[in-house]
Amino acid sequence: MAALVKQLLKANRTSHAFYSTNVALTTSRYPGLKRKEFGVVVDKDVKFFENIVGAPNVIRSDLDGYNTDWLRTVRGESETVLRPGCVEEVSALVKYCYERNLAICPQGGNTGLVGGSVPVFDEVILSTERLNKIKSIDPTAGILQCEAGCVLETLDEELSKHDLMMPLDLGAKGSCHIGGNLSTNAGGIRLLRYGSLHGNTLGLEVVLANGEILDNMNPLIKDNTGYDLKHLFIGAEGTLGLITAATIKCPTRPSSINAAMIGVEKFETCLKVLSLTKKYVGEILSGFEFMDLATRQVVCDNLGLSYPLAEFPYYLLIETSGSDEEHDKAKLDTLLEHLMGNELIADGTVARDVTQRKHMWTLRETAAEALLHDGYCYKYDISLPQPVWYDLVREMRTRIEGSAALRCIGYGHLGDGNLHLNITSAEYDQHVMDLIEPFLYDWTSAHNGSISAEHGLGFKKKQYIYHSKSKEMVNLMKVLKQTLDPKGILNPYKYLPEG
Ligand code: FAD
Ligand code: MLT
Ligand code: ZN
């Protein structure tokens, strides 16, 4: 099954069956969009690009995989993909585009979930596929320096040879690039243990909109000289500059990893279990994930997977990572005994080996992919105070009753307060969409949440930024954008609202 998922995740480049052209063009699904007055790529531009990166790295046909997002919900019409192989090439290409006023859509593994990684109109796609070199690994300091197009899983595998690991992990690890992770400030399943990329990134190399190279590949853990500019580019979704390389602080790889899955009758109990888990295994806790019964159903129905437990309204996946197998197992057992003894959990099982542990993670991590098999997925990624977390899923279910919606499911990183609420229908349905938005964003804002916990704003959520950020903050963001990218060529139509 893991192989199948990996294959599907990688399908964004090669499989034309997966990326068939029946995905509606963004410009037709979102009428009223207006192309800005950017230049259009003509023959002399193609010649220039070919001189810089070589003809095979200027792709002008068969671009569906680059134009369509992973969710198959948005599709652009770019006719040019550029694949530079080093920072100097990126710089020359971007400088030229700046002078010619050609818009650019930066693209890593194209696994982004908010429509940010594909063009809206005919923006030139600048792919980081060939920027895939590891520059150095310092095993003593635990510091990795690599280019932006390195695939997350490949980096983790290389680091494992030095008893190190990447500080982040997510379901798309087999396809996503570290540059894409940095640009979305991806969270994932280890954030509660190792923190965000803002904390784990020591330095960046960035190409600015005018082609200038900003080299800040600093491997120092402490450096308080001036504004810490790298943070501007982390989570900027390619709107302020192109990340070409990064210096990442990597934790020591744990030698003992244990996982347990438990079934819970009430959502309130899940929160009690979270508190007790922190109390009993806090220092070795590396994952605390939530799935509801509907999440179980979608992976079982659509991917043929099976759960190790009977049906319960809620499931929790708890993982510990440490250095002493016996000690870590004993701690997890004590936690589970306590939870059982106090009748907090209905049933539970501990993974006996790596295969069982991986299976538990597959049940959680393939939810995104399983949903696609229903047809169209309306995907939401919000932060909420944990006590009201599941109320939104319940309210949404009532709201969409009787509509064309097929399911409404809730899963996510409960340990971080990050809920993934997903609704599906056989095909895109405007009525379902109108039932969801703006209700979901209003509800989130009214409950002091964030409309994007980790996926970002991209194309789909930019107009809702005011639900999470004040007018003054958005104005300052616009000033930064204007300063760094005065012509607005970097990932236009995304991230910041117009006007
Ligand atoms: P892309 O999708 O190619 O790009 C994402 C954005 O970054 C775009 O706006 C793009 O223009 C920009 N960009 C890409 N590379 C660069 C660069 N070098 N410089 C400047 N801008 C750039 N996200 C989470 O946070 N947590 C999860 O747990 C999680 N799980 C996922 C599971 C699955 C199955 C999938 C499909 C996605 C998941 N995601 C998750 C979404 C997530 O954003 C990405 O998978 C990942 O961070 C994007 O990396 P990418 O290389 O695919 O970037
Ligand atoms: C996840 O945690 O599985 C990802 O963020 C993807 C999703 O939200 O479906
Ligand atoms: Zn997630």
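Residues numbered from 1 in each chain as written. Chains lettered and ligands numbered in written order. Predicted model: local features only at pLDDT ≥ 70, side-chain atom pairs only at ≥ 80, totals over all residues. Heavy atoms only, no water.

## With respect to the sheet that holds strand 2 (residues 81–82)
Strand pairs in the sheet, formed through backbone hydrogen bonds, run parallel or antiparallel to each other.
Argument step 1. Read across the sheet, four strands follow the order 1-2-4-3 without closing on themselves; strand pairing throughout is mixed. In this open sheet, the two strands that pair with only one neighbour each are strand 1 (58–59) and strand 3 (104–107).
Argument step 2. As defined by bridge partners, strand 2 adjoins strand 4 (residues 124–127) across two bridges and the pair is classed as parallel. Pairing of valine 81 across the sheet is with isoleucine 125, part of strand 4. (Pairing = 2+ DSSP bridges. Helix = DSSP H or I, 4+ residues; strand = E, 2+ residues; numbered from the N terminus.)

## Remarks on the pattern of salt bridges
Argument step 1. Under the criterion given, the structure shown has 21 salt bridges.
Argument step 2. Between lysine 173 and glutamate 365 there is a salt bridge, with the nearest N and O atoms lying 3.4 Å from each other. With a gap of 192 residues between them, lysine 173 in the loop between helix 6 (152–160) and helix 7 (178–184) and glutamate 365 in helix 14 (residues 354–365) connect regions that are remote in the sequence.
Argument step 3. Residue classification places glutamate 365 among the partly exposed positions, given a relative accessible area of 22%.
Argument step 4. Several salt bridges share partner residues, and in doing so they unite Asp169, Lys173, Arg190 and Glu365 into one network. (Salt bridge = Lys/Arg side-chain N within 4 Å of Asp/Glu carboxyl O. Buried < 20%, exposed > 50% of the residue type's maximum accessible area, 1.4 Å probe, protein only.)

## Section: the packing of helix 3 (residues 43–53) against helix 5 (residues 87–100)
Argument step 1. Put simply, helix 3 and helix 5 touch, their axes get as near as 9 Å, and they point 165° apart. The angle between the axes of helix 3 and helix 5 places the two elements in the roughly antiparallel class. Classified by chirality, the crossing of helix 5 by helix 3 is right-handed. Counting all contacts with helix 3, which are made through Lys44, Asp45, Phe48, Phe49, Ile52 and Val53, the residues of helix 5 involved are Glu89, Ala92, Leu93, Tyr96, Cys97 and Arg100.
Argument step 2. Here the residues of the contact of helix 3 with helix 5 sort into eight nonpolar, no polar and four charged. (Axes fitted to C-alpha atoms, helices over the stretch in contact; angles between N-to-C directions. Parallel < 35°, antiparallel > 145°, perpendicular 65-115°, else oblique. Left-handed = near helix turned anticlockwise from the far one by under 90°. Contact = heavy atoms within 4.5 Å. Nonpolar A, V, L, I, M, F, W, Y, C, P; charged D, E, K, R; others polar.)

## Regarding the site of ligand 2
Argument step 1. Around ligand 2 sit Leu113, Arg364, Ala368, Lys379, Tyr411, His413, His420, Glu454 and His455, and those are all the residues in its vicinity.
Argument step 2. Considered on its own, ligand 2 offers 270 Å² of accessible surface; in the complex 85% of this is hidden by protein.
Argument step 3. Taken together, the residues of the shell around ligand 2 break down into three nonpolar, three polar and three charged. (Near = heavy atom within 4 Å. Areas by Shrake-Rupley, 256 points an atom, 1.4 Å probe, with all protein chains shown as cover.)

## Here we look at a nonpolar patch on the surface
Argument step 1. A surface patch of nonpolar side chains, amounting to about 260 Å² of accessible area, comprises Leu476, Val479 and Leu480.
Argument step 2. Summarising the element assignment, leucine 480 is placed in helix 19 (residues 471–484).
Argument step 3. For leucine 480, a relative accessible area of 33% translates into the label partly exposed. (Patch = residues over 30% accessible without salt bridge, like charges linked within 9 Å, V, L, I, M, F, W, Y side chains within 5 Å.)

## Thoughts on the site of ligand 1
Argument step 1. Lining the immediate environment of ligand 1, one finds 36 residues, of which Pro106, Gly108, Gly109, Thr111 and Gly112 sit closest.
Argument step 2. A distance of 2.6 Å is found between an oxygen atom of ligand 1 and a backbone nitrogen or oxygen belonging to proline 106.
Argument step 3. Residue threonine 111 places a side-chain N or O atom 2.6 Å away from an oxygen atom belonging to ligand 1.
Argument step 4. When isolated, ligand 1 has an accessible area of 960 Å², and the protein chains bury 97% of it.
Argument step 5. Counting only elements with at least two residues in the shell around ligand 1, the list comes to strand 3, helix 7 and strand 9 (242–249).
Argument step 6. When residues of the shell around ligand 1 are assigned to their parent elements, the largest contribution, five residues, is made by helix 7.
Argument step 7. In terms of residue class, the shell around ligand 1 is built from 11 nonpolar, 23 polar and two charged.
Argument step 8. Two domains share the shell around ligand 1, each providing at least three of its residues, namely domain 1 (2–127) and domain 2 (134–249). (Polar contact = N/O pair within 3.5 Å; in protein donor to acceptor, adjacent residues only side chain to side chain. Domains from an automatic or database assignment.)

## Quick look at the packing of helix 11 (residues 267–281) against helix 13 (residues 325–341)
Argument step 1. Packing of helix 11 against helix 13 leaves a shortest axis separation of 9 Å and a crossing angle of 145°. The crossing of helix 11 and helix 13 is right-handed. Taking contact as the criterion, the partners of Val273, Leu276, Thr277, Tyr280 and Val281 in helix 11 are, on helix 13, Lys331, Leu332, Thr334, Leu335, His338 and Leu339.

## Describing the nonpolar core
Argument step 1. Core analysis: the largest hydrophobic core is formed by 55 residues, its most contacted members being Leu421 and Ile423.
Argument step 2. Sort the elements by how many residues they give to this core and helix 11 lands first, with seven residues.
Argument step 3. Sequence-distant contacts of leucine 421, that is, excluding residues within four places in its chain, are made with Tyr378, Lys379, Tyr380, Leu392, Val393, Met396, Cys408, Ile409 and Leu440.
Argument step 4. Val90, Tyr96, Phe121 and Val124 belong to the second-largest nonpolar core, a separate cluster that totals 31 residues. (Core = buried A, V, L, I, M, F, W, Y, C linked by side-chain atoms within 4.5 Å.)

## Observations regarding the confidence of the model for the protein
Argument step 1. Mean pLDDT over the protein stands at 95; residues scoring 70 or higher make up 96%.
Argument step 2. Confidence drops under pLDDT 50 across residues 1–20; counting only partners more than four residues distant or on other chains, this segment forms 35 contacts. (pLDDT = per-residue confidence, 0-100.)

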